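Here are the chains, one letter per residue:
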Amino acid sequence: MMDLNEPEAKLEALLDIINSSARQAITEYKKTGYGVPSADATTFHPLDLTTDTLALKKAIRLLEGAFHQLSSILAPPQHTVMNLVFDYNWACTGVALRARIADALDQHPEGLSVDKLAEAVNLDEIKTARVLRALTLMGCFKEVKRDVFANNRLSLILKSANNTGWFARLHSRHVSKYAGVIYETMIDEEFSRSQAIDKAPREFAFRKEGLKGNSWESVNSDDERRDEFHRAMLGLTEVNGASAVLHHYPWDDISSVVDIGCGVGSFSTPLAKMFPHLRITDQDLPEVIIQAKTAWEENAPEVLLDGRVEFMPINFLQDVPAVGKDVYYMRSIIHNWPDAEATTILRNIRQAMGPNSRVLIHDCVISQTLQEPGVATNGLSIAPEPMLPNFGAGSHRTYQMDLTMWFTLNSKERTLDEIKIIGAAAGLALTQVYDLVETMVMEFKIAQS
């Protein structure tokens with residue numbers, strides 16, 4: 001048995017994890033009957049479009065975490081630290097998204113010369129080429145011959161019809177601005193220690209531009225922005241594989257579900273299709289409910305005809321949701337709010353619950369980089385040694401989402417203990433955790449006094 005206290009033994013162990021996790025990922029792709037994906041593919045692999053990729057995500061979490069940890073050990077520290085700073089991929093991706101470069105290339109599967117592409121999207125030829133080469137270096141787009149570019153499997157995400165592209169657009173165009181003022185907000189007397197939503201870095205950045213209004217006011221006051229936001233949230237679901245909850249929670253054992261903060265029904269619509277015995281209540285702000293009804297009419301008219309879904313407007317900071325249902329589900333809701341507001345939302349739900357009701361909080365969960373001996377994990381996965389216990393860079397997007405919530409809303413992704421605390425403050429007790437890799441489903445019931 002290797003002594004993992006020895007530096008070389010740690011490297012060998014990381015190499016073993018990289019090898020085994022990569023082979024597991026290959027196995028998952030082959031199970032579909034379509035083989036492994038190609039970097040040059042111009043269509044998605046079937047596994048890219050399925051709602052249950054939990055086994056693949058577990059393998060990739062190990063692969064990404066072990067690879068980055070190995071690289072950071074072996075590469076010179078100057079090299080690794082500057083890699084953290086020399087990362088303008090978000091800006092180049094933003095150009096591709098806003099100029100709809102992937103859409104233009106979609107008409108030319110064999111490739112399009114950069115002069116004609118730049119003309120099609122009304123950009124400078126030389127600068128367009130520089131943007132594309134930076135992205136091609138990272139595997140997004142491909143240069144089929146000199147100065148001729150084409151789409152590939154990654155760049156298809158940047159097409160205007162792709163929801164994940166809208167989520168990327170939200171970050172590259174907007175959140176990047178808020179990130180640019182974080183140090184200023186951390187030393188500002190008014191902002192530095194405030195947990196209020198109107199003291200988010202976003203509001204600081206807006207003040208510098210002479211603008212007003214918090215993030216929610218901006219979204220809710222404009223139909224176009226609200227539509228873009230809902231598309232981005234659909235993209236978030238695709239990125240973090242949150243739809244795996246449809247496959248890994250015992251929905252057969254319940255009869256009624258309230259989707260609180262339902263949006264346009266990205267969770268409740270496929271749930272209704274997969275489990276026709278369920279009675280579903282969609283609840284959100286009145287203007288969102290109007291959009292939700294339209295989405296249901298387009299995507300699941302049979303559920304409407306069967307009367308299996310009802311729509312009820314709610315302000316969950318003020319109102320009690322539908323009473324006496326089996327499950328109250330919230331995806332990407334609690335992480336939007338500071339502790340005081342998050343506790344208020346849960347207290348309102350607690351008032352509606354019956355003795356056997358459950359609350360499902362579906363969010364990212366932050367884990368520590370140090371696992372203390374004897375401390376319970378409560379169902380959260382722990383990476384094998386010598387990896388960081390929280391999978392290191394394999395959990396990259398979770399920690400970036402935590403920063404996104406701070407920059408945008410002055411809120412956060414929480415540790416499991418922090419979620420248990422706000423649950424307890426609302427009279428709820430954690431009963432089970434479902435680890436879906438990038439998100440966790442935390443089940444609460446009424447706490448016993």
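Residues numbered from 1 in each chain as written. Predicted model: local features only at pLDDT ≥ 70, side-chain atom pairs only at ≥ 80, totals over all residues. Heavy atoms only, no water.

Engineer: Let's hear about the overall build of the protein: which residues, and what values?
Structural biologist: Helix and strand counts for the protein come out as 19 helices and twelve strands. A compact globule built from 449 residues would reach a C-alpha radius of gyration of about 22 Å, and the protein, at 23 Å, matches this within 12%. Projected onto the principal axes, the alpha-carbon positions of the protein cover approximately 65 × 60 × 55 Å. Counting the 449 residues in the protein, one finds 47% classified as buried. Sequence separation of at least 24 residues holds for 66% of the intrachain contacts in the protein that already meet a minimum separation of 6. Split by element, the accessible area of the protein, about 22,800 Å² in all, is 54% carbon and sulfur. Between the centroid of the 44 positive side chains of the protein and the centroid of its 59 negative side chains there is a distance of 2 Å. (Helix = DSSP H or I, 4+ residues; strand = E, 2+ residues; numbered from the N terminus. Rg over C-alpha atoms; globule rule 2.2 N^0.38 Å. Buried < 20%, exposed > 50% of the residue type's maximum accessible area, 1.4 Å probe, protein only. Contact = heavy atoms within 4.5 Å. Areas by Shrake-Rupley, 256 points an atom, 1.4 Å probe, with all protein chains shown as cover. Lys, Arg positive; Asp, Glu negative; His and termini not counted. Charge placed at Lys NZ, Arg CZ, Asp CG, Glu CD.)

Engineer: Go over the packing of aromatic side chains, please, and point to the residues and values.
Structural biologist: In this structure the tally under the stated criterion is nine aromatic pairs. With centroids separated by 3.7 Å and ring planes inclined at 20 degrees, the aromatic side chains of Phe267 and Tyr329 adopt a geometry described as stacked. Of this pair, Phe267 sits in the loop between β4 (256-260) and α14 (268-274) while Tyr329 is found in strand β7 (residues 327-331), placing the two residues 62 residues apart along the sequence. Note on accessibility: Phe267 and Tyr329 belong to one class, buried. (Phe/Tyr/Trp six-rings, centres within 6.5 Å; stacked < 30°, edge-to-face > 60°.)

Engineer: Give me the pattern of salt bridges: which residues, what numbers.
Structural biologist: Going through the model one piece at a time under the given rule, you end up with 19 salt bridges. The closest approach of N and O atoms between Arg133 and Glu143, which form a salt bridge, is 3.1 Å. Of this pair, Arg133 sits in helix α7 (residues 125-137) while Glu143 sits in strand β2 (residues 142-145); the two residues are ten residues apart in sequence, bridging distant segments of the chain. Assessed through its relative accessible area of 35%, Arg133 is described here as partly exposed. Of the charged contacts in the structure, one is a salt bridge between Glu190 and Arg207, with a shortest N-O distance of 3.1 Å. Remark: Arg207 occurs in helix α10 (residues 201-208) and Glu190 occurs in the loop between α9 (182-187) and α10; sequence separation between them is 17 residues. On the basis of relative accessibility, which here comes to 41%, the residue Glu190 falls in the partly exposed class. Exposure remark for Arg207: the relative accessible area of 45% places this residue in the partly exposed category. Within the structure, one salt-bridge network assembled from shared partners comprises Lys57, Glu64, Arg397 and Glu438. (Salt bridge = Lys/Arg side-chain N within 4 Å of Asp/Glu carboxyl O.)

Engineer: Report on the nonpolar core, specifying residues and quantitative values.
Structural biologist: It is characteristic of soluble globular proteins that their nonpolar side chains tend to be buried jointly. Within the largest apolar cluster, 39 residues are counted, with the highest numbers of intra-cluster contacts made by Met330, Leu346, Ile349, Val359, Ile361 and Met442. No other element matches the five residues that helix α17 (residues 339-352) contributes to this core. Non-local contacts of Val359, meaning those with residues more than four positions away in its chain, are made with Tyr328, Met330, Leu346, Ile349, Met353, Leu428, Met442, Glu443 and Phe444. (Core = buried A, V, L, I, M, F, W, Y, C linked by side-chain atoms within 4.5 Å.)

Engineer: An account of the pairing of β4 is requested, with residue identities and associated values reported.
Structural biologist: Summarising burial for β4: five of the five residues are buried, a large majority. Side chains of β4 alternate between two faces, with Ser256, Val258 and Ile260 and Val257 and Asp259 buried alike. Sheet analysis places β4 next to strand β5 (residues 279-284), joined by five bridges and oriented parallel. When the bridges of β5 are listed, Ser256 appears paired with Arg279. After leaving β4, the chain enters α14 and then returns to the sheet as β5, a path that is right-handed. Direction of pairing for β4 relative to β7: parallel, over a ladder of three bridges. Among the inter-strand pairings, Val258 is bridged to a residue of β7, identified as Tyr328. (Pairing = 2+ DSSP bridges. Right-handed = clockwise from strand over helix to strand, strands pointing away.)

Engineer: Lay out the sheet that holds strand β8 (residues 358-363) in plain terms, naming residues and giving numbers.
Structural biologist: Across the sheet, which stays open at both edges, the seven strands sit in the order β6-β5-β4-β7-β8-β12-β11 with mixed pairing between neighbours. Each having just a single partner strand, β6 (309-313) and β11 (428-435) make up the two edges of the open sheet. When strand polarity is set aside, the average angle formed by the axes of neighbouring strands in this sheet is 20 degrees. Relative to strand β12 (residues 440-446), β8 runs antiparallel, the two sharing five bridges. Considered in β12, the bridge of Asp363 is made with Met440. (Axes fitted to C-alpha atoms, helices over the stretch in contact; angles between N-to-C directions.)

Engineer: How would you sum up the environment of Arg202? Please name residues and give values.
Structural biologist: Relative to the elements of secondary structure, Arg202 occurs in helix α10. For Arg202, a relative accessible area of 3% puts it in the buried group. It is 7.8 Å that separates the C-alpha atoms of Arg202 and Asn214, two residues lying twelve residues apart in sequence. When residues no more than four places from it in sequence are discounted, the contact partners of Arg202 are Tyr178, Gly213, Asn214, Ser215, Ser218, Phe407 and Thr408. At 3.1 Å, the side chain of Arg202 and the side chain of Glu203 are in polar contact. (Polar contact = N/O pair within 3.5 Å; in protein donor to acceptor, adjacent residues only side chain to side chain.)

Shape descriptors only; they carry no functional weight alone.
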